[in-house]
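Next come the chains, spelled out residue by residue.
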Amino acid sequence: QVQLVESGGGLVQAGGSLRLSCAASGRTFSNYRGWFRQAPGKEREFVAAITWSGDSTYYAGSVKGRFTISRDNAENTVYLQMNSLKPEDTAVYYCAAGLRGSPYSGKGYDYWGQGAQVTVSS
């Protein structure tokens, strides 16, 4: 059974940092891994993606320069380091795996984590 388990969410003041982790079990994902987020009343949106080797990373414009995606293939885990957080980063963050389409689209992945709440206070 494939599972993606996220951890590391929480409440932080604006300007602070959080690190999300997403550990996969049940299979090895030898392709892109991604992070998405969904704020209340909004659609799920792309945040970041990383290739298997980790040599290439991609970011939404709103987080570029503040967030860093990385992965540890030996641990089957992907991370999202979030710095200089803003109130508009408040959302439920989801990790994704099992690429079957565009790595920048929510429809491009087969497997999803349960979501981690990130709340940034002003």
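Residues numbered from 1 in each chain as written. Predicted model: local features only at pLDDT ≥ 70, side-chain atom pairs only at ≥ 80, totals over all residues. Heavy atoms only, no water.

**A short note on unusual backbone geometry**
Then comes step 1: Positive phi outside glycine occurs at asparagine 76, with the angle close to 55°.
Then comes step 2: Mapped onto the secondary structure, asparagine 76 falls in the loop between β7 (67-72) and β8 (77-82).
Then comes step 3: What makes asparagine 76 buried here is its relative accessible area of 11%.
Then comes step 4: Look at serine 84: it is not a glycine, yet its phi comes out positive at around 50°.
Then comes step 5: With respect to the helices, strands and loops of the structure, serine 84 is situated in the loop between β8 and β9 (91-99). (Helix = DSSP H or I, 4+ residues; strand = E, 2+ residues; numbered from the N terminus. Buried < 20%, exposed > 50% of the residue type's maximum accessible area, 1.4 Å probe, protein only.)

**Brief notes about the environment of asparagine 31**
Then comes step 1: Along the polypeptide, asparagine 31 turns up in the loop between β3 (18-25) and β4 (33-38).
Then comes step 2: When residues no more than four places from it in sequence are discounted, the contact partners of asparagine 31 are Ile50, Thr51, Trp52, Arg71 and Leu99. (Contact = heavy atoms within 4.5 Å.)

**Quick notes on the state of the cysteines**
Then comes step 1: A full pass over the atoms with the stated rule returns 1 disulfide.
Then comes step 2: Through a disulfide, cysteine 22 is tied to cysteine 95; the S-S separation comes to 2.0 Å. Taking the sign of the S-S torsion, 50° for the link of cysteine 22 and cysteine 95, the bridge is right-handed. Taken together, the positions of cysteine 22 in strand β3 and cysteine 95 in strand β9 put the pair 73 residues apart, joining distant regions of the chain. Neither cysteine 22 nor cysteine 95 differs from the other in exposure class; each is buried. (Disulfide = S-S within 2.5 Å.)

**Quick notes on the sheet that holds strand β1 (residues 3-7)**
Then comes step 1: One open sheet holds the 4 strands; their spatial order is β1-β3-β8-β7, and the pairing between them is antiparallel. For this open sheet the edge positions go to β1 and β7, each flanked by a neighbour on one side alone. The average undirected angle you get between the axes of adjacent strands in this sheet is 15°.
Then comes step 2: Pairing of β1 with β3 involves 5 bridges; the strand directions are antiparallel. Looking at the pairing, glutamine 3 lines up with serine 25 of β3. (Pairing = 2+ DSSP bridges. Axes fitted to C-alpha atoms, helices over the stretch in contact; angles between N-to-C directions.)

**Regarding the side chain of arginine 66**
Then comes step 1: For arginine 66, the location among the structural elements is in the loop between β6 (57-59) and β7.
Then comes step 2: Since its relative accessible area comes to 11%, arginine 66 is described here as buried.
Then comes step 3: Within the structure, arginine 66 has its side chain in polar contact with the side chain of aspartate 89 (distance 2.7 Å).
Then comes step 4: With residues near it in sequence (within four places) discarded, arginine 66 still touches Gln81, Met82, Asn83, Ser84, Leu85, Lys86 and Asp89. (Polar contact = N/O pair within 3.5 Å; in protein donor to acceptor, adjacent residues only side chain to side chain.)

**Looking at the packing of aromatic side chains**
Then comes step 1: If you walk through the whole model with that rule in mind, you get 8 aromatic pairs.
Then comes step 2: Ring centres 5.7 Å apart and planes at 80° place the aromatic pair phenylalanine 36 and tyrosine 109 in the edge-to-face group. With phenylalanine 36 in strand β4 and tyrosine 109 in strand β10 (residues 109-112), the pair connects residues that are 73 residues apart, well separated along the chain. Neither phenylalanine 36 nor tyrosine 109 differs from the other in exposure class; each is buried.
Then comes step 3: Taken together, a centroid distance of 5.2 Å and an interplanar angle of 65° make the contact between phenylalanine 36 and tryptophan 112 edge-to-face. Of the two residues, phenylalanine 36 sits in strand β4 while tryptophan 112 sits in strand β10, which places them 76 residues apart along the sequence.
Then comes step 4: Residue class for phenylalanine 36 comes out buried when judged on its relative accessible area of 1%.
Then comes step 5: By relative accessible area, which is 26% here, tryptophan 112 ends up partly exposed.
Then comes step 6: Ring-pair connections join several aromatic residues into one group, and the members of that group are Tyr32, Phe36, Phe46, Tyr58, Tyr104, Tyr109 and Trp112. (Phe/Tyr/Trp six-rings, centres within 6.5 Å; stacked < 30°, edge-to-face > 60°.)

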